[in-house]
Structure formats: structure tokens, C-alpha cells
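# An overview of the molecular structure
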Amino acid sequence: MRESTARNLPNYETVEQPQSNPAAAPKPATHKVALSKLEATLIVGLGFLTLVLMVSLVSIKVSMTSAQNNLDHISTEITKVNTDNVNLRQEISEMTSFDRLSAFAKKYNLKMSNKNVRNVSK
């Protein structure tokens, strides 16, 4: 290993680079600018407008939900009334059927007489 191709340079000194410290660097001069009355009024106005819009959005959402519930309730009632109407029509058809009327006439000894029948048309 003594016959290595790498040379030993004893006189080589490393020069350390000064590290830049961002905390030690001078800060750029900053200064605060006061808000004008117009800017302050605009900021307050926009904040108030945002608040009003948020409250109105929630109010609209609640009223929409209430209207949807009312619509569902009315739709349920309509379905119930339609079902009752269909049942009543079915009952009317059963009660006015020829077989039922014939059975009723037979029970009370009623007879069909063609001379007493009138045809009425509108």
C-alpha cells in the first residue's frame, strides 16, 4: 500500500468558507402603513356582507328542507286518497254488478218487468 498512486499533500490547507447565517443577515427595512378610513370601511362592510350571506344561505337551506318535508307529506296524503278512491270504485262495481242485483231481487221476491223499464239518455 505504500506505493499508492495517491499522493499525500501535507501542505494543503483547507480554507473554511464563512457560513452565511440568515439570522445574522441584516433585515430589509419594513414599516407598517396605516389603513385609510375607506379601506377599513370596506373591510368591515365585506365582513358584514359575508356574514349576511352565510346566514341567508342557512335560512334558505332550512326553508327548502321544510318545503321538501311538506311536499312529502302532501304526496303521501294524495297517494292515500287515490288508493281510497280506487277501493271505493271497486266496491261500487261489486255492489252494482248484475249478479248481486239478481240475488237481491230473488231474496225479496222481486221480478224484472220489461214494461216498467225506461231507457234514459242524456
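Please refer to the structure placed before this passage.
Described below are features of the structure shown in this document.

Let us look at the overall build of the protein. Of regular secondary structure, the protein possesses 2 helices and 0 strands. Taken as a whole, the protein presents about 13,100 Å² of accessible surface, with 60% of it coming from carbon and sulfur.

Turning next to unusual backbone geometry. Phi at N109 is positive, roughly 55°, even though this residue is not glycine. Within the fold, N109 resides in the segment after helix 2 (98-107). Judged by its relative accessible area of 69%, N109 falls in the exposed class.

Nonpolar side chains collect at one region of the surface, where F48, L51, V52, M54 and V55 lie side by side and expose about 490 Å² of accessible area between them. Within the secondary structure, V55 sits in helix 1 (residues 37-95).

Examined against the element boundaries, M112 turns out to sit in the segment after helix 2. On the basis of relative accessibility, which here comes to 69%, the residue M112 falls in the exposed class. Each C-alpha atom, one on M112 and one on S102, is 9.3 Å from the other, the two residues being 10 residues apart in sequence.

What counts and what doesn't
- Residues numbered from 1 in each chain as written.
- Predicted model: local features only at pLDDT ≥ 70, side-chain atom pairs only at ≥ 80, totals over all residues.
- Heavy atoms only, no water.
- Helix = DSSP H or I, 4+ residues; strand = E, 2+ residues; numbered from the N terminus.
- Areas by Shrake-Rupley, 256 points an atom, 1.4 Å probe, with all protein chains shown as cover.
- Buried < 20%, exposed > 50% of the residue type's maximum accessible area, 1.4 Å probe, protein only.
- Patch = residues over 30% accessible without salt bridge, like charges linked within 9 Å, V, L, I, M, F, W, Y side chains within 5 Å.
- Salt bridge = Lys/Arg side-chain N within 4 Å of Asp/Glu carboxyl O.

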